[in-house]
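# Results of the structural survey
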Amino acid sequence: MILPFKKIHLINTLTLRCGHLAIIGDKLIFTSSFIKEKTNHLAIKEYHLRKDKSLFKVWPLEYVKDVLRRRYVNRKRAIQISFIHGKSILFEFMDENDL
């Protein structure tokens, strides 16, 4: 099964990672070349990836427990993926039609 790359944001507590998500074979793949930090009292300095570097995350599909549709900024354009080991991640799609 191949899902073409979709433009998304990976949302963590203090960071927003802009990138692309794809399902290739039995893996969920996220690539990013841009990280934006939210300003807060805990941030000491901004973090940026070097221009020649990118973030690359891979999760085996066998570790996925649930995929739930979620609201983000009051729009139904996000999914939450829960894994069997208890961690979950939130992806925001740029277009609601991509869900």
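Shown above is the structure to which this text applies.
Residues numbered from 1 in each chain as written. Predicted model: local features only at pLDDT ≥ 70, side-chain atom pairs only at ≥ 80, totals over all residues. Heavy atoms only, no water.

### A short note on the overall build of the chain
So the rule is basically this: The numbering of helices and of strands both runs from the N terminus, where a helix is a DSSP run of H or I of at least 4 residues and a strand a run of E of at least 2. Note on exposure labels: buried denotes an accessible area under 20% of the residue type's maximum, exposed denotes more than 50%, and partly exposed covers the range between, all computed with a 1.4 Å probe on protein chains only. Note on contacts: a residue pair qualifies if any of its non-hydrogen atoms lie within 4.5 Å across the two residues. Note on areas: these come from Shrake-Rupley sampling with a 1.4 Å probe, and a residue is covered only by the protein chains present in the view.
The helix and strand inventory of the chain stands at zero helices and seven strands. In sequence order, the chain lays out its α and β elements as β-β-β-β-β-β-β. Taking all 99 residues of the chain together, the buried fraction comes to 28%. Across the chain, the fraction of contacts at a sequence separation of at least 24, relative to all contacts at a separation of at least 6, is 30%. Summed over all atoms, the accessible surface of the chain reaches about 7,100 Å², with 53% contributed by carbon and sulfur.

### What to know about the pairing of strand β6 (residues 75-83)
We count it as follows: Here the rule is simple: two strands pair whenever DSSP picks up at least two bridges between them.
The pairing of strand β5 (residues 64-72) with β6 spans seven bridges and is classified as antiparallel. Bridging from a neighbouring strand, D66 pairs with S82 of β6. The hairpin turn running from β5 into β6, its antiparallel successor, is two residues long, and V73 in that turn takes a positive phi close to 55 degrees. Where β6 and strand β7 (residues 88-93) come together, five bridges link them in antiparallel fashion. The partner of I81 across the bridge, within β7, is I89. Taking the residues that link successive antiparallel strands as the turn, the β6-β7 hairpin has four residues, and the phi of G86 there is positive, at about 105 degrees.

### Notes on the pattern of salt bridges
Note the following rule: Salt bridge, as used here, is a side-chain nitrogen of Lys or Arg placed within 4 Å of a carboxyl oxygen of Asp or Glu.
Using the criterion set out here, one finds two salt bridges in the structure. One salt bridge in this structure joins D26 and K27, with 3.9 Å as the shortest N-O distance. For K27, a relative accessible area of 34% translates into the label partly exposed. Close ionic contact of E92 with R77 constitutes a salt bridge, the shortest N to O distance being 2.6 Å. Remark: R77 occurs in strand β6 and E92 occurs in strand β7; sequence separation between them is 15 residues. Across the pair, exposure class does not vary: E92 and R77 are buried alike.

### Regarding the packing of aromatic side chains
The condition is simple: Side-chain rings of Phe, Tyr and Trp, where Trp is taken by its six-membered ring, are said to pair if the distance between their centres is within 6.5 Å; with planes under 30 degrees apart they count as stacked, over 60 as edge-to-face, and otherwise as tilted.
Under the definition given, this model contains three aromatic pairs. The structure contains a cluster of three or more aromatic residues connected by ring pairs, namely F30, W59, F83 and F91.

### Focus on unusual backbone geometry
Here the phi dihedral of V73 falls at roughly 55 degrees; this positive angle occurs in a residue that is not glycine. Among the structural elements, V73 can be located in the loop between β5 and β6. Backbone geometry places N74, a non-glycine residue, at a positive phi of 60 degrees. Position of N74 among the secondary structure elements: in the loop between β5 and β6.

The quantities given are spatial measurements derived from coordinates; they are silent on function.
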